[in-house]
Amino acid sequence: MRYYYYYLITVVVLILDYVTKKIVATKMNLYDEISVIGNFFLITSHRNRGAAFGILEGQRLFFIIITVAIVSGLVWYIFTMRKTGKPRLFIGLTLVLGGAIGNFIDRVRFGEVVDFFKFNFGSYTFPIFNIADSAIVIGVGLILLDALLSAREEKLAQGQDNKEPNGV
């Protein structure tokens, strides 16, 4: 498959992210909650002015600059790897790209990101997140998996190259 077809993943992430954020923002009041699975999984209308887990709150310009750099780097890297990259790498990169652009759009337009997935583990509440955040985490996981598997494959190939034929 041609590498640029993987950009369809970015488009799908953007569409899902936009639609779900729009539904939450227009159909729910801020901090409203809808139980999906008891108190374990709730759809919660929340806004985040920071990065993951609310860190660096209020640093909008910083996030815009960093995201532009990351998106540019991702597009460059996808192009660079077009001949040697494996599908899991392209899937991971385009998931990260879609998530980064999805949250970037919110930050530029509204100065905050709409988050809504809330999970409680007993008394611990995991930080609320959205589709874009999920795509970024899954994408980074696939990129790391690709790096580990590629290193392993390279090591095995080097081992094969270093073996000498058995003589009698």
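These numbers were taken from a predicted model, which means no experiment stands behind them.

Quick look at the environment of isoleucine 66 now. If you trace the backbone, isoleucine 66 turns up in helix 2 (residues 60-80). Placed 38 residues apart in sequence, isoleucine 66 and phenylalanine 104 show a C-alpha to C-alpha distance of 9.8 Å.

On to the packing of helix 2 against helix 3 (residues 87-110). Where helix 2 contacts helix 3, the axes come no closer than 10 Å and their chain directions differ by 155°. With respect to each other, helix 2 and helix 3 are oriented roughly antiparallel. The element helix 2 and its partner helix 3 pack so that their crossing is left-handed. Counted together, Arg60, Phe63, Ile64, Thr67, Val68, Val71, Leu74, Val75, Tyr77 and Ile78 of helix 2 and Leu89, Phe90, Leu93, Thr94, Val96, Leu97, Ala100, Ile101, Phe104, Arg107, Val108 and Arg109 of helix 3 form the full contact between these two elements.

With that settled, the discussion passes to the UniProt feature "transmembrane region" (unreviewed entry) in the chain. The UniProt record marks residues 6-24, 61-79, 88-105 and 125-145 with the feature "transmembrane region" (unreviewed entry), using the residue numbering of this structure. Taken end to end, residues 61-79 is 100% helix and 0% strand, and its two terminal C-alpha atoms sit 27 Å from one another. With 71% helix and 24% strand, residues 125-145 has end C-alpha atoms that lie 28 Å from one another.

In this structure, Tyr3, Tyr6, Val71, Leu74, Ile78, Met81, Leu89, Phe90, Leu93, Val96, Leu97 and Ala100 together form the largest nonpolar core, which totals 12 residues. Going through the elements one at a time, helix 2 and helix 3 are the ones with two or more residues in this core. In terms of residue count, helix 3 provides more of this core than any other element does, 6 residues in total. Leave out the neighbours within four places in its chain, and leucine 74 touches Leu93, Val96 and Leu97. Ranked by size, the runner-up nonpolar core spans 9 residues in total, among them Val24, Ile43, Val114 and Phe129.

With that settled, the discussion passes to the pairing of strand 4 (residues 124-129). In this structure, strand 3 (residues 113-121) lies alongside strand 4, joined through 4 bridges in antiparallel fashion. Bridging from a neighbouring strand, phenylalanine 121 pairs with tyrosine 124 of strand 4. As consecutive antiparallel partners, strand 3 and strand 4 are separated by 2 residues, and within that stretch glycine 122 has a phi angle of approximately 65°, a positive value.

Definitions and cut-offs
Residues numbered from 1 in each chain as written. Predicted model: local features only at pLDDT ≥ 70, side-chain atom pairs only at ≥ 80, totals over all residues. Heavy atoms only, no water. Helix = DSSP H or I, 4+ residues; strand = E, 2+ residues; numbered from the N terminus. Axes fitted to C-alpha atoms, helices over the stretch in contact; angles between N-to-C directions. Parallel < 35°, antiparallel > 145°, perpendicular 65-115°, else oblique. Left-handed = near helix turned anticlockwise from the far one by under 90°. Contact = heavy atoms within 4.5 Å. UniProt positions renumbered as here; feature names shortened; annotations may be inferred. Core = buried A, V, L, I, M, F, W, Y, C linked by side-chain atoms within 4.5 Å. Buried < 20%, exposed > 50% of the residue type's maximum accessible area, 1.4 Å probe, protein only. Pairing = 2+ DSSP bridges.

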